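Tertiary structure, described
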Amino acid sequence: MLAATAATAHADTCTGVTDEGAKFETCFDLGNRVSVTAGSDGFGGGIQLRQLVKFDDDPDLNWKLEHDFATLERASLKGEVDAAVYNGRFLRHTRDGHIVLPGMGTPRKVFLPFDIGAVVEAGRVTVRNDMASGNRIQVGMIKTAPVVDLWRSRDFRRRLVFGPVARWDIGLSRDPVAISRHIVAPFSMGMASFHLESHDGLLAFDVGVEGGSAWTSDRKWTPLVQGSASIERIVLAINERPIALLVGIKYDSEFNETIARVGARIVLFHVADSRVAHL
């Protein structure tokens with residue numbers, strides 16, 4: 001009885017009621033949605049999916065899986081594009097921070113002050129409209145990083161991850177279309193990422209940085225740095241489809257550019273927050 005009462009009270013904090021008595025959502029899951037964006041730097045869109053994998057034999061363990069599919073981060077009227085086929089983040093969380101090491105004898109538990117996981121990116125495409133350069137199309141074939149999460153959390157609402165980065169990119173010339181450049185970082189770069197979202201999902205803040213040295217076929221070893229910061233604030237929902245304001249900035253030393261944006265995200269389809277899904 002107590003459990004049922006507590007669950008109802010918790011759900012009520014994410015449920016509003018109209019004057020006619022109809023219920024509507026006031027909490028949103030920022031990782032389960034299909035959305036489009038438009039702003040000062042162009043338009044975009046993508047599909048986001050979150051999965052929380054639990055285990056009956058170990059209730060203290062779960063995997064937090066985040067997938068971004070067919071993400072168009074930016075397409076401008078000048079023909080510039082930033083897009084990716086897939087981005088994934090996989091974090092393993094346990095309440096006491098342990099991992100199990102198998103051995104010849106009895107498996108051993110090792111307790112860690114952080115969660116572990118990995119991030120993966122495949123099929124990133126960057127197009128810059130500079131016909132004077134022979135390397136304005138860059139394709140990120142694969143990028144991966146084993147990471148640790150110092151801000152251990154059982155849900156998706158916060159993280160602070162660090163890890164070494166391995167990546168392989170190719171540059172393409174336009175006329176004729178051919179591979180003009182290779183960029184390879186054999187875990188010679190590092191990354192850090194910070195994410196925080198409010199309990200009701202109305203506000204989210206992200207900061208990310210990646211830097212180090214990479215081998216390039218034209219300049220040999222060269223330093224590369226990327227960084228970004230963004231804030232998303234849901235200000236309105238129409239038929240339980242949220243509309244958010246976006247403010248962000250991104251720097252990329254490879255293209256020697258800094259891009260700021262102010263825009264909006266409109267969610268076309270979303271999965272109800274788990275706290276109100278039963279209503």
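For the structure itself, look to the data block above.
Note that this is a predicted model, so its numbers are computed, not measured. (Residues numbered from 1 in each chain as written. Predicted model: local features only at pLDDT ≥ 70, side-chain atom pairs only at ≥ 80, totals over all residues. Heavy atoms only, no water.)

Once that is clear, we can look at unusual backbone geometry. Note on backbone geometry: most residues besides glycine have negative phi, and most peptide bonds are trans. We note that lysine 220 has phi near 60 degrees; this positive angle belongs to a residue other than glycine. Take lysine 220: it is sitting in strand S14 (residues 220-238). Its relative accessible area of 47% is what places lysine 220 among the partly exposed residues. Even without being glycine, glutamate 240 reaches a positive phi, approximately 65 degrees. Note on placement: glutamate 240 falls in the loop between S14 and strand S15 (241-252). Given the relative accessible area of 29%, glutamate 240 is considered partly exposed. (Helix = DSSP H or I, 4+ residues; strand = E, 2+ residues; numbered from the N terminus. Buried < 20%, exposed > 50% of the residue type's maximum accessible area, 1.4 Å probe, protein only.)

Let us look at the state of the cysteines. Overall, the coordinates contain 1 disulfide when judged by the stated rule. Each disulfide pairs two cysteine sulfurs, and for cysteine 14 the partner residue is cysteine 27, the sulfurs being separated by 2.1 Å. Between cysteine 14 and cysteine 27, the disulfide has an S-S torsion of -75 degrees and is therefore left-handed. In this pair, cysteine 14 sits in the loop between helix H1 (2-12) and strand S1 (15-17) while cysteine 27 sits in the loop between strand S2 (23-25) and strand S3 (33-39), placing the two residues 13 residues apart along the sequence. Relative accessible area serves as the criterion here: at 2%, cysteine 27 is assigned to the buried category. (Disulfide = S-S within 2.5 Å.)

The next thing to look at is the pairing of S14. Relative to S14, strand S13 (residues 203-216) runs antiparallel, the two being bridged by 14 bridges. Pairing of tryptophan 215 across the sheet is with tryptophan 221, part of S14. The sheet contact formed by S14 and S15 spans 12 bridges and is antiparallel. Residue isoleucine 238 lies in a different strand from S15, and its bridge partner there is arginine 241. (Pairing = 2+ DSSP bridges.)

Further remarks concern the sheet that holds strand S9 (residues 115-127). The strand order S3-S4-S5-S6-S9-S10-S11-S12-S13-S14-S15-S16 describes a closed barrel built from 12 strands, whose pairing is antiparallel. Averaged over all neighbouring strand pairs, the angle between strand axes comes to 20 degrees, with direction disregarded. (Axes fitted to C-alpha atoms, helices over the stretch in contact; angles between N-to-C directions.)

Taken by themselves, the reported measurements are silent on function.
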